[in-house]
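Structural overview for review
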Amino acid sequence: MTLPGFSQTSAAFCLLLIFLVPLASAGLALINTGLGRSRSAAHALLASLFVVAIAAIVHVMWGFSLEGFVGRPGHFLVAGGKTWNWVAKEPFFLRGVEFDGSPVSLSMLLQMFSVALAALIPLSAGADRWRLGASCVSTVLLAGIAYPLFAHWVWGGGWLAQLGVNYGLGRGFVDGGGASCIQVVGGLTALSIAWILGPRRGKYSHDGMPAAIPGHHAVFVLFGCLLAWVGWMGLNSAGAILFAGVEPARVVLVAINTTLSAGSAALVAAVITRRRFGRPDATLTANGWMAGLVASSASGAFVKPAAAILIAVIAAAVTLLAIEGFEFWLAVDDPGGAISVHAVSGIWGLVAVALFADVGNRGGKSGQWLAQLVGIASLLGFVLPLTYGLNWLLNRFYPQRVDLEGERQGMDLYELGAGAYPEFVVHSDEFIQR
Amino acid sequence: MKLAGFLLLLAGWVIVLSSLALLHSAPAQTAFVLAGIAVELLGLALVVRAHLVLGEARE
């Protein structure tokens, strides 16, 4: 399979962009760690390493064989006289892939990094109470079943991508940078994990009021945002070239929109928190930055910079509202705000494609609207029950939550036998004004 | 309640898929896709409610 106008130079350029993507994972791992407690910091980063390793191995073993690429073999179902491409039919262990810089091989590499990024998202929702072994097995389920299926539908020439060809719905479901298959799939898995694990001890009082449990390292969180920005530029750009057929020269626009999105969303989050609490809140501003990046993923290659700013402004406001809603009204303890940042902002990004993007529609704007809605309905109606069901089953056989003593000691001491900061002692007199 | 919620989520998705496969006019497809999403939102509300009740029981 070759993409039109995809030369060796394009392949080399695309490869460089793909090499930036692990920085998004590094950023997310730092953010997850910083937003958790200090007594679980080493555990959080070690879990990130394990999750990335397992996601990559599962992707190579059978993930890519379910995921495939446009124009490659697949399993089809005929309904209403149209073919529905449900799942790819590639050999296991990448035996059908030539490592020659072709779009298929580049797609395989990008998706290996993408699935790792998606698998890191639930770690944030399970912080301070998710057992290391359980998070590893849960990653196998995400990387081996939920992610490849949905990624095939969107990026592998599956039925969602074909909605335009089969039913005249715009250009089909459009998601250049993985807002759906990476961010929303990861975010909905995070929601499933938060529900299954339940809140941390002491998070909610008997009358249901949440206690603030601040993250332990704002510097990790904010530096993680900067790393994620670079990674996201690679992700959005490479995704747009490989999966949305965007010309390599157009990545300039993708990078501009990605940066504008992150910046605008962070500024809006800072303004909102300043108005609400009197001072800008560093961690919520970081959440705003990430929400901007997530919202830019679907539409970054197809909107003008002014629209990117508007999308990000709304993403930040919606994300902050969702963070508060999940914590106060729905009693979902999500220490890193992963559900709001990745699932809610990702869904908004997918809607924004229909609102603002110029994707060269067949069937007009209404067709594109319908395609995006069908994609969102598939995320809510298929991915959420699937990830919840799989993790619920896992929890029946292998309890995912650490026991009470583990939560009291902290995950570092309980599961790893040593803390992340063994020489770090807080002296109460450091807080006395002199 | 939780199981009913997840079944409604799946049912909503099936309505969306069926509308694409069975209906041919754009207004009818749109109406059924929106109906499917409404069923999904109802299912989501049930699942959320079920977890709120579970949380209260844990207390």
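Please read all numbers here as calculations on a predicted model, not as lab measurements.

Procedures and definitions
- Residues numbered from 1 in each chain as written.
- Chains lettered and ligands numbered in written order.
- Predicted model: local features only at pLDDT ≥ 70, side-chain atom pairs only at ≥ 80, totals over all residues.
- Heavy atoms only, no water.
- Helix = DSSP H or I, 4+ residues; strand = E, 2+ residues; numbered from the N terminus.
- Rg over C-alpha atoms; globule rule 2.2 N^0.38 Å.
- Buried < 20%, exposed > 50% of the residue type's maximum accessible area, 1.4 Å probe, protein only.
- Contact = heavy atoms within 4.5 Å.
- Areas by Shrake-Rupley, 256 points an atom, 1.4 Å probe, with all protein chains shown as cover.
- Core = buried A, V, L, I, M, F, W, Y, C linked by side-chain atoms within 4.5 Å.
- Pairing = 2+ DSSP bridges.
- Buried area = accessible area lost by both parts, 1.4 Å probe.
- Polar contact = N/O pair within 3.5 Å; in protein donor to acceptor, adjacent residues only side chain to side chain.
- Nonpolar A, V, L, I, M, F, W, Y, C, P; charged D, E, K, R; others polar.
- Phe/Tyr/Trp six-rings, centres within 6.5 Å; stacked < 30°, edge-to-face > 60°.
- 1 Å grid on protein atoms, 1.4 Å probe; cavity = no way out; pocket = protein on both sides within 12 Å on 5 of 7 lines; lining within 4 Å.
- Points joined across faces, edges and corners; volume = space filled by probe spheres on them.
- pLDDT = per-residue confidence, 0-100.
- Lys, Arg positive; Asp, Glu negative; His and termini not counted.
- Salt bridge = Lys/Arg side-chain N within 4 Å of Asp/Glu carboxyl O.
- Expected span 1.5 Å × (residues − 1).
- Bend = angle between axes of the 7 residues up to and from the residue.
- Disulfide = S-S within 2.5 Å.

1. Looking at the overall build of chain B
From N to C terminus, chain B includes two helices and zero strands. The C-alpha radius of gyration of chain B comes to 15 Å, more than 25% above the 10 Å expected for a compact globule of 59 residues. Projected onto its principal axes, the C-alpha positions of chain B cover 50 × 15 × 10 Å. Within chain B, the proportion of its 59 residues that are buried is 34%. For chain B, the share of sequence-separated contacts (at least 6 apart) that also reach a separation of at least 24 residues comes to 71%. Accessible surface, chain B: about 3,100 Å² in total, of which carbon and sulfur atoms supply 78%.

2. Topic: the nonpolar core
All names here are of chain A. Grouped together as the largest cluster of nonpolar side chains are 137 residues, with contacts concentrated most on Ile18, Phe150, Trp159, Leu160, Leu163 and Met290. Here the element with the most residues in this core is helix α4 (residues 103–125); it accounts for 16 residues. Ignoring sequence-local partners within four residues, the contact set of isoleucine 18 consists of Leu106, Leu109, Leu110, Phe113, Ala238 and Leu242.

3. Some words on the pairing of strand β1 (residues 74–79) of chain A
Within a regular strand, side chains alternate between the sheet's two faces. All names here are of chain A. Here β1 pairs with strand β2 (residues 82–88) via six bridges, running antiparallel. Following the sheet pairing, alanine 79 is matched in β2 by lysine 82. In this structure, the hairpin formed by β1 and β2 is closed by a connection of two residues, where glycine 80 is found at a positive phi of approximately 60 degrees.

4. Quick look at the interface of chain A and chain B
At the junction of the two partners, chain A supplies 31 residues and chain B supplies 22 residues. The junction of chain A with chain B conceals about 2,300 Å² of combined surface from both sides, 75% of it contributed by carbon and sulfur atoms. On the surface where chain A and chain B come into contact, there are three residue pairs in polar contact (both at pLDDT 80 or more). The set of elements that each furnish at least two residues to the side of chain A that touches chain B consists of β2, α6 (163–167), α7 (179–197) and α13 (364–397) of chain A. For the side of chain A that touches chain B, the leading source of residues is α13 of chain A, giving 12 residues. Tallied by class, residues from the side of chain A that touches chain B come to 25 nonpolar, six polar and no charged.

5. Focus on the packing of aromatic side chains
Taken as a whole, this structure holds 16 aromatic pairs over all chains when the rule is applied. Their ring planes at 20 degrees and their centres at 5.9 Å tell us that tryptophan 153 of chain A and tryptophan 13 of chain B sit as a pair that is stacked. Pair noted here: tryptophan 153 of chain A is in helix α5 (residues 132–155) and tryptophan 13 of chain B is in helix α1 (residues 2–22), and the two residues belong to different chains. An aromatic cluster is built from Trp84, Trp86, Phe150, Trp153, Trp159, Tyr167 and Phe382 of chain A together with Trp13 of chain B, whose rings are joined through pairwise contacts.

6. Some words on unusual backbone geometry
Residue and element names in this part refer to chain A. Even without a glycine there, the phi angle at aspartate 128 is positive, about 75 degrees. Following the sequence through the fold, aspartate 128 ends up in the loop between α4 and α5. Take aspartate 128: its relative accessible area is 7%, and that puts it in the buried class.

7. Some points on the environment of isoleucine 241 of chain A
Position of isoleucine 241 of chain A relative to the elements: it lies in helix α8 (residues 218–243). Note: C-alpha distance between isoleucine 241 of chain A and serine 25 of chain A (216 residues apart in sequence) is 20 Å.

8. Quick notes on empty space enclosed by the protein
Unoccupied space between atoms shows up once a probe the size of one water molecule is rolled over them. Residues and elements named next belong to chain A. Taken as a whole and judged by the stated rule, the model has four cavities of 30 Å³ or more. Of the voids in this model, the largest cavity is the one considered here, and its volume is about 150 Å³. Sorting the residues of the lining of the largest cavity by element identifies α2 (22–35) and α3 (41–67) as the ones contributing at least two each. A class-by-class count of the residues in the lining of the largest cavity yields seven nonpolar, seven polar and three charged. Reported here for the second largest cavity is a volume of approximately 80 Å³. Taken together, Leu28, Ile31, Asn32, Leu120, Ile121, Ser124, Asn287, Met290, Gly336, Ala338, Val341 and His342 make up the lining of the second largest cavity. When contributions to the lining of the second largest cavity are tallied by element, the ones reaching two or more residues are α2, α4, α10 (282–299) and α12 (338–356). Looking at the lining of the second largest cavity, its residues break down into seven nonpolar, five polar and no charged.

9. So, the confidence of the model for chain B
Regions with low pLDDT carry predicted coordinates that are not meant to be interpreted in detail. Residue-level pLDDT values for chain B average 91, and 93% of them are 70 or greater. The complex prediction reports pTM at 0.95, with the ipTM value standing at 0.96.

10. So, the side chain of aspartate 175 of chain A
All names here are of chain A. Its place among the elements puts aspartate 175 in the loop between α6 and α7. Arginine 171 provides the closest opposite charge to the buried, salt-bridge-free aspartate 175, at an N-O distance of 11 Å. A polar contact of 2.5 Å, which involves the side chain of aspartate 175, links it to the side chain of serine 180. Once residues lying within four places of it in the same chain are set aside, the contact partners of aspartate 175 are Val154, Trp155, Ser180, Cys181, Ser297, Ala298 and Leu350.

11. Some thoughts on helix α9 (residues 251–277) of chain A
In a regular helix each residue adds 1.5 Å, so 27 residues correspond to 39 Å; α9 of chain A covers 38 Å between its end C-alpha atoms and thus fits that length. One or two residues past the end of α9 of chain A sits glycine 278 of chain A, with phi positive at roughly 90 degrees.

12. Observations concerning α5 of chain A
An α-helical segment advances 3.6 residues per turn. Residues three or four places apart therefore align on the same side. All names here are of chain A. Maximum bend of α5: about 40 degrees, positioned at tyrosine 147, with proline proline 148 one to four residues after it. Where burial is concerned, most of α5 is hidden: 20 out of the 24 residues are buried. Just beyond α5, the residue with positive phi is glycine 157, at close to 75 degrees.

13. Topic: the state of the cysteines
Any covalent bond linking the sulfur atoms of two cysteines counts as a disulfide. Scanning the entire structure with this criterion turns up zero disulfides over all chains. Left unpaired, cysteine 14 of chain A is separated from the closest cysteine sulfur, that of cysteine 181 of chain A, by 15 Å.

14. Notes on the layout of surface pockets
All names here are of chain A. The computed volume of the largest pocket comes to approximately 820 Å³. Lining the largest pocket are 32 residues, with Asp281, Thr283, Leu284, Ile323 and Glu327 positioned closest to its centre. Looking at the lining of the largest pocket, the elements that each hand over two or more residues are α9, α10 and α11 (305–329). In terms of residue count, the dominant contributor to the lining of the largest pocket is α11 (eight residues). Residue composition of the lining of the largest pocket, grouped by class: 17 nonpolar, seven polar and eight charged.

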